[in-house]
Amino acid sequence: MDIGNVYFRNNLVDEDLIGNVDFLNDASLFDNNQMDHGSVVISVPYTLVHGKPNNFVYVNETIFCPITIENTTRDALMLWSVMIYDSKLKNSFTLSLMKPLTPDSDADYVNSFLEGFEMEDRVLRHDNILTIWLSCKGSFKGLHTTCVEFTLNDEIIRRFGFVVAED
C-alpha cells in the first residue's frame, strides 16, 4: 500500500479532514512516543516508524494501544474530555479506561467492560499517570486513521493514530 501521497492539514477545523496527512511535514504530531504540552505529557498512539504506519491487524480483528496522560505540575488539572474527533472508518476506534478484552478475559471482566467514543471530567493529579486505551477494529483492508482530542483546561490537544489492516 503506497501512503506517500496522503496529505494533512495541521489545524483541523472540521471532521473528515484526517484523510489528508503529510507524514513528512507534520511528523511531530504523531511520530514520537510523547509530546510535552507544558503541564501535561500525552503519549502518541499507534506511532509511525520512518514515516509509515507500524501497527498491523488482520481484517475483523482488534488491536489496542495505551495512551498515557501525565500531569507534570504540582496542582490537579481538569481533563474536561477525551474524544474520538475523527476516524476512518467511522466508529472503527473506541476509548476505554479498562484494558480491552482479550481471548483470556474472564466472564466478570467481559460483563463489566465499557468502551465508547468520548469520556468526560477526569481530574489529573500530580505525578499520577492516567491510561486510556484506544482500540481499533480493522474492518477492511487498508489504512485506518484516527484523531483523538483532549480538552485540558482551555487547551485542545490532538493525537493521531494509524493502523493498517491486512488479510
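Counting restarts for each chain, with residues numbered from 1 along the sequence as it is written. Owing to the predicted nature of the model, reporting of local features is limited to residues with pLDDT of at least 70; listing and counting of side-chain atom pairs is limited to 80 or more, with chain, interface and lining totals taken over all residues. Values reported for side chains reflect all heavy atoms of the structure, with hydrogen atoms and water molecules removed beforehand.

### Describing the confidence of the model for the protein chain
- Each residue carries a pLDDT score, the predictor's confidence in it, ranging from 0 to 100. Of all residues in the protein chain, 77% have pLDDT values of 70 or greater, and the mean over the chain is 79.
- Strands here mean DSSP runs of E at least two residues long; helices mean DSSP runs of H or I at least four residues long; both are numbered from the N terminus. Within the protein chain, the lowest mean pLDDT, 48, falls on strand β1 (residues 34-36), and the highest, 94, falls on strand β8 (residues 93-96).
- Segment residues 1-14: pLDDT under 50, and 34 contacts once partners within four positions in sequence are set aside and those in other chains are kept. Note on definitions: a residue-residue contact is assigned when non-hydrogen atoms from the two residues lie within 4.5 Å.

### Looking at the pattern of salt bridges
- Throughout this description, the term salt bridge denotes a Lys or Arg side-chain nitrogen within 4 Å of a carboxyl oxygen of Asp or Glu. In total, this model carries 3 salt bridges according to the counting rule given.
- Among the salt bridges present, the one from Asp-167 reaches Lys-141, with a minimum N-O distance of 3.9 Å. Placement of the pair is Asp-167 in the segment after β12 (155-166) and Lys-141 in the loop between β10 (129-137) and β11 (142-152), with a sequence separation of 26 residues. Residues Asp-167 and Lys-141 agree in their burial class; the two are exposed.
- The salt bridge involving Arg-158 is made with Glu-149; its shortest N-O contact spans 2.6 Å. Only protein chains enter the accessibility calculation, which uses a 1.4 Å probe. A residue is then buried if its area is under 20% of the maximum for its type, exposed if over 50%, and partly exposed in between.

### Description of the pairing of β12
- Two strands form a pair only when DSSP identifies at least two bridges running between them. The pairing of strand β5 (residues 56-58) with β12 spans 3 bridges and is parallel. Bridging across to β12, Val-57 finds its partner in Ala-165.
- In this structure, β11 lies alongside β12, joined through 11 bridges in antiparallel fashion. Looking across to β12, one finds that His-144 is bridged to Val-163.
- Taken together, β11 and the strand that follows it, β12, pair antiparallel across an intervening segment of 2 residues, in which Asn-153 is found at a positive phi of about 55°.

### Re unusual backbone geometry
- For the peptide bond that leads from Lys-88 to Leu-89, omega is -15°, which places it in the cis range.
- As for its placement among the helices and strands, Leu-89 is situated in the loop between β7 (77-88) and β8.
- Here Tyr-46, not a glycine, exhibits a phi torsion of approximately 45°, which is positive.
- Note that Tyr-46 resides in the loop between β2 (40-43) and β3 (48-49).
- Of note in the backbone geometry, Asn-91 takes a positive phi value of approximately 70° without being a glycine.

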